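# Architecture at a glance
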Amino acid sequence: MVEYESAATGLLPLPDWAKEELSELKGHQKQDLITGTANDDVEDAYDRARADVLATQTESGLDLVTEGQLRWDDMLSHVLSVNDNVDTRGIVRYYDNNNFYREPVVTGALEPTGDVARDLERAADTTDGTLCGVLPGPYSLAELATDEFYGEDRFLEALATYLAGEATECPDLDTLFLLEPSLAVHDTEEPVRVREAIDTVADAVDASVLVHTYWGTIPENVYGHLLDAAIEGVGYDLVTSRVGSTSLADEYGTPEEVVLGVVNGQNTILEDATDVRRDIDEFVDRADATLERVYAAPNTELFYLPTNRCEAKLETLARAVDSVEVSA
């Protein structure tokens with residue numbers, strides 16, 4: 001029997017009170033970006049905001065909650081930006097949308113900072129919910145960052161080793177999401193190297209590792225290598241690529257676990273739980289018979305949304321999963 005769980009998978013919006021308070025404490029200039037150290041007032045504000053979003057996720061009925069990544073200044077590259085051997089430079093468009101981030105430029109050897117682990121440890125002390133971890137995938141991070149140290153042949157592997165080190169320092173987790181939008185947006189010419197990089201991160205932890213992709217359908221050659229990777233699950237964006245994703249699962253099968261992006265993280269329009277359930281059921285009906293677990297999630301991070309819309313979408317996910325369980 002297939003098990004169903006609801007989850008958020010990345011950066012969540014700051015509570016409104018925290019936006020105002022942190023704006024006064026941090027400012028908006030480049031020198032005010034998160035660097036891995038902050039004064040006590042800033043850390044206290046983030047601690048209270050983290051507790052706020054953890055409570056919101058639990059009250060929404062989510063089965064898995066995230067730390068919220070509230071200290072992240074952008075969607076994916078934060079883990080590089082806090083490193084001493086990385087410079088943050090000009091503003092760059094985040095894929096093909098209206099979000100931007102500061103370009104992280106690697107200028108020296110990367111050593112784990114423990115930054116993500118520290119936030120997860122604080123979250124674990126704050127919530128009784130089931131906490132999952134979130135990291136960027138090595139391929140997407142390589143696509144978003146610039147290398148001035150390793151060289152083209154070594155950069156992806158270096159990032160994988162760096163992420164593995166960050167993951168190793170995290171507290172014990174049942175689930176780790178690796179966010180890999182670039183796998184669906186860009187058709188890599190080196191899927192074997194990408195799979196090996198993902199394996200490096202996955203092998204570093206005992207958690208169930210789920211590679212979540214979005215903004216398109218995973219190319220067939222890449223998908224085949226993902227199915228052979230040392231991971232438990234793959235993510236599919238059913239918001240922007242429902243037909244392509246379900247066809248992929250129908251033709252090539254699925255791993256034992258899947259993440260289904262079934263609510264839109266970039267749009268304030270609220271989905272109906274019944275429609276979300278229908279999309280889940282359709283995918284499961286066409287998936288491999290070995291499918292054991294489905295995570296219902298946003299297709300992308302929810303940070304873009306107003307807090308009330310984010311909360312409503314989380315509640316929709318929880319209701320959709322509950323209705324699936326009732327009908328199973």
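On a predicted model such as this, the values are computed, not experimentally measured, just so you know.

The subject of this paragraph is the environment of Lys-313. Its place among the elements puts Lys-313 in helix H12 (residues 307-327). Linking Lys-313 and Asp-272, residues 41 residues apart in sequence, is a C-alpha distance of 9.2 Å.

The topology assignment puts Glu-257 in strand S10 (residues 257-263). Here Glu-257 occupies a buried position and makes no salt bridge, while the nearest side chain of opposite charge, Arg-293, is found at 4.3 Å. Side-chain polar atoms of Glu-257 contact the side chain of Tyr-295, separated by 3.4 Å. What Glu-257 contacts, discounting residues up to four positions off in sequence, is Ser-208, Leu-210, Glu-232, Gly-233, Val-234, Leu-291, Arg-293 and Tyr-295.

Ranked by size, the top nonpolar core spans 102 residues in total, and within it Leu-80, Phe-177, Ile-231, Leu-260 and Ile-280 carry the most contacts. With eight residues, helix H6 (residues 152-168) is the largest single contributor of residues to this core.

Let us look at helix H1 (residues 16-26). Ala-18, Leu-22 and Lys-26 are the residues of H1 that are buried. All buried residues of H1 project into a common sector of 40° when viewed along the axis, lining one side. Exposed residues pointing more than 90 degrees away from the buried face of H1 are listed as Glu-20 and Glu-24. Considering only its buried residues, H1 is in contact with helix H2 (40-60).

In the structure shown here, the tally under the stated rule is 25 salt bridges. The partner of Asp-119 in a salt bridge is Arg-71, and the shortest N-O contact between them spans 2.8 Å. With Asp-119 in helix H4 (residues 115-124) and Arg-71 in the loop between strand S2 (64-66) and helix H3 (78-81), this residue pair connects regions lying 48 residues apart in the sequence. In this structure, the salt-bridge partner of Arg-278 is Asp-279, at a minimum N-O distance of 3.3 Å.

Basis of the calculations
- Residues numbered from 1 in each chain as written.
- Predicted model: local features only at pLDDT ≥ 70, side-chain atom pairs only at ≥ 80, totals over all residues.
- Heavy atoms only, no water.
- Helix = DSSP H or I, 4+ residues; strand = E, 2+ residues; numbered from the N terminus.
- Buried < 20%, exposed > 50% of the residue type's maximum accessible area, 1.4 Å probe, protein only.
- Lys, Arg positive; Asp, Glu negative; His and termini not counted.
- Salt bridge = Lys/Arg side-chain N within 4 Å of Asp/Glu carboxyl O.
- Polar contact = N/O pair within 3.5 Å; in protein donor to acceptor, adjacent residues only side chain to side chain.
- Contact = heavy atoms within 4.5 Å.
- Core = buried A, V, L, I, M, F, W, Y, C linked by side-chain atoms within 4.5 Å.
- Arc of directions from axis to C-beta.

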